[in-house]
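Below are the chains, spelled out letter by letter.
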Amino acid sequence: MIRFEQVSKVYPGGQKALADVNFHLKRGEMAFLTGHSGAGKSTLLKLITVIERANGGRVSINGHDIAKVTRSQVPYLRRDIGMIFQNHHLLMNKSVFDNVALPLIIEGFSIGEIRKRVAGALDMVGLYGKERHNPIMLSGGEQQRVGIARAIVNKPPLLLADEPTGNLDPKLSMDILRLFETFNDAGTTVLIATHDLGLIARMKYRTLTLKQGRVLGAEELNAQDGLG
Ligand code: ADP
Ligand code: ADP
């Protein structure tokens, strides 16, 4: 589903963010992406969503070489990707319904279909009945669930999360990861960037570790305790 081959990224200011990154995430797989702040996690996700472009190497999504995707094709590629952020990026003055419905409105679904799908998405994240609330009235954990409902409402085959549990306590964080697990069980490919190693250690999934823009191999991981 996602393949990085010798990928490098240098920002216009000269800041090196990724170097020689190789990895493959199979369809239906769930994996974690970890490393300290500044290691390149967000940049890697931005290359997948084509918010940024690589300077070298090849990024392929669903067999498509991203370098060949034109600017006008980018929105179609993004439809297949559900994106979840630490700070939710919710519209606080709009209802939960309006927030979750947004991707469907953009895609031009009928109002009947939108109602059905939004209800289904809110049910999946445990927020059924909160349609009329504004996110501002909800707890941090509930707000994160609204962001997740919005990301999955059009049933994308790929789910990316950037520090989805950054503002949550350990119990709520684990609940959110279990939620990702249920999407993965239903066939969605999931990649979660997080620096919360305690959380990852409690789950059985593959972990890709970045350090200063490079992927650490198993030997380097053993040689140092934690991330160094
Ligand atoms: P992480 O998500 O692991 O914290 P980032 O991908 O955000 O790491 O950052 C990797 C490196 O690239 C850091 O040195 C960061 O300062 C730099 N960086 C990230 N975004 C930009 C940008 N838009 N312009 C310049 N440098 C950036
Ligand atoms: P995070 O750690 O969640 O990636 P940051 O606060 O590091 O968040 O970055 C916020 C935004 O600023 C991101 O879009 C990131 O790409 C960008 N950014 C990070 N470092 C730099 C930098 N050195 N120069 C310009 N933009 C940057």
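Rules of the game
Think of each chain on its own: its residues are numbered from 1, step by step along the sequence as written. Chains and ligands are labelled by the order in which they are written, letters from A for the one and numbers from 1 for the other. Only residues with pLDDT of at least 70 get local features here, since the model is predicted, and only at 80 or more are side-chain atom pairs given and counted; chain-wide, interface and lining totals rely on the full set of residues. In computing side-chain values, all of the structure's heavy atoms are included and hydrogens and water are not. UniProt positions are given in the numbering used here, feature names are shortened, and annotations may be inferred rather than shown by experiment. Simply put, an axis is a line fit to the C-alpha atoms, just over the touching stretch for a helix, and the angle between two N-to-C directions goes from 0 to 180 degrees. Each helix corresponds to a stretch of at least 4 residues labelled H or I by DSSP, and each strand to a stretch of at least 2 residues labelled E; elements are numbered beginning at the N terminus. Roughly parallel here means an angle under 35 degrees, roughly antiparallel means over 145, roughly perpendicular means 65 to 115, and every remaining angle is called oblique. In a left-handed crossing the near helix is turned counterclockwise from the far helix by less than a right angle, and in a right-handed crossing that turn is clockwise. The contact rule is simple, with two residues in contact once any of their heavy atoms fall within 4.5 Å. Any residue outside Ala, Val, Leu, Ile, Met, Phe, Trp, Tyr, Cys, Pro, Asp, Glu, Lys and Arg is labelled polar, Gly included; the first ten of those are nonpolar and the last four are charged. One heavy atom within 4 Å of a molecule or strand is enough for the residue carrying it to be called near that molecule or strand. In protein, a polar contact means a hydrogen-donor-capable atom and an acceptor-capable atom, both N or O and within 3.5 Å, with residues adjacent in sequence counting only if both atoms are side-chain atoms; elsewhere, any N or O pair within 3.5 Å suffices. Paired strands are those between which DSSP finds at least two bridges. Side-chain rings of Phe, Tyr and Trp (the six-membered ring for Trp) are treated as a pair once their centres are within 6.5 Å; stacked means planes under 30 degrees apart, edge-to-face means over 60, and tilted covers the remaining angles. Three labels apply to residues, based on accessible area from a 1.4 Å probe with only protein chains included: buried if under 20% of the type maximum, exposed if over 50%, partly exposed otherwise in between. We call a charge positioned above a ring when the Lys NZ or Arg CZ atom is no farther than 6 Å from the ring centre and deviates by at most 35 degrees from the ring normal.

Named according to an unreviewed UniProt entry, the protein chain is Cell division ATP-binding protein FtsE originating from Shewanella pealeana. Per its UniProt entry, the protein chain bears the Subunit (unreviewed entry) comment "Homodimer. Forms a membrane-associated complex with FtsX." The UniProt entry for the protein chain carries the following comment under Sequence similarities (unreviewed entry): "Belongs to the ABC transporter superfamily."

Caption draft 1: Molecular detail of the packing of helix H3 (residues 96-107) against helix H5 (residues 140-152). For the pair H3 and H5, the least separation of the axes is 7 Å and the interaxial angle reads 30°. Judged on the interaxial angle alone, H5 and H3 are roughly parallel. Read as a crossing pair, H3 and H5 show a hand that is right-handed. Residue-level inspection shows Val96, Asn99, Val100 and Pro103 of H3 in contact with H5, the latter providing Val146, Ala149 and Arg150. Partitioning the contact of H3 with H5 into residue classes produces 5 nonpolar, 1 polar and 1 charged.

Caption draft 2: Looking closely at the environment of Leu90. Relative to the assigned elements, Leu90 resides in the loop between strand S6 (81-85) and H3. For the pair Leu90 and Asn134, spaced 44 residues apart in sequence, the C-alpha to C-alpha distance is 9.8 Å.

Caption draft 3: Representation of the site of ligand 1 in the model. For ligand 1, the full set of nearby residues is Tyr11, Gln15, Ala17, His36, Ser37, Gly38, Ala39, Gly40, Lys41, Ser42 and Thr43. Here an oxygen atom of ligand 1 and a backbone polar atom of Ala39 are 3.2 Å apart. Per-element accounting of the shell around ligand 1 gives the leading share, 3 residues, to helix H1 (residues 41-48). Within the shell around ligand 1, the residues separate by chemical class into 3 nonpolar, 7 polar and 1 charged.

Caption draft 4: Representation of the pairing of strand S1 (residues 2-10). Summarising the sheet, S1 and strand S2 (residues 16-25) pair through 6 bridges and their orientation is antiparallel. The residue bridging Val10 from the neighbouring strand is Lys16, located in S2. Where S1 folds back on S2, the antiparallel hairpin that results is connected by 5 residues, among which Gly14 adopts a positive phi of roughly 100°. Taken together, the 5 bridges between S1 and strand S4 (residues 56-61) define a ladder with antiparallel strand orientation. Note on S4: the bridge partner recorded for Ile2 is Ile61.

Caption draft 5: Up close: the packing of aromatic side chains. Counting across every chain of the model gives 2 aromatic pairs. Aromatic side chains Phe32 and Tyr205 sit 6.3 Å apart centroid to centroid with 70° between the ring planes, which places their arrangement in the edge-to-face category. Taken together, the positions of Phe32 in strand S3 (residues 30-34) and Tyr205 in the loop between helix H7 (197-201) and strand S9 (206-211) put the pair 173 residues apart, joining distant regions of the chain. By relative accessible area, which is 13% here, Tyr205 ends up buried. The ring of Tyr11 is capped by Lys9, whose NZ or CZ atom sits 5.1 Å from the centre of that ring.

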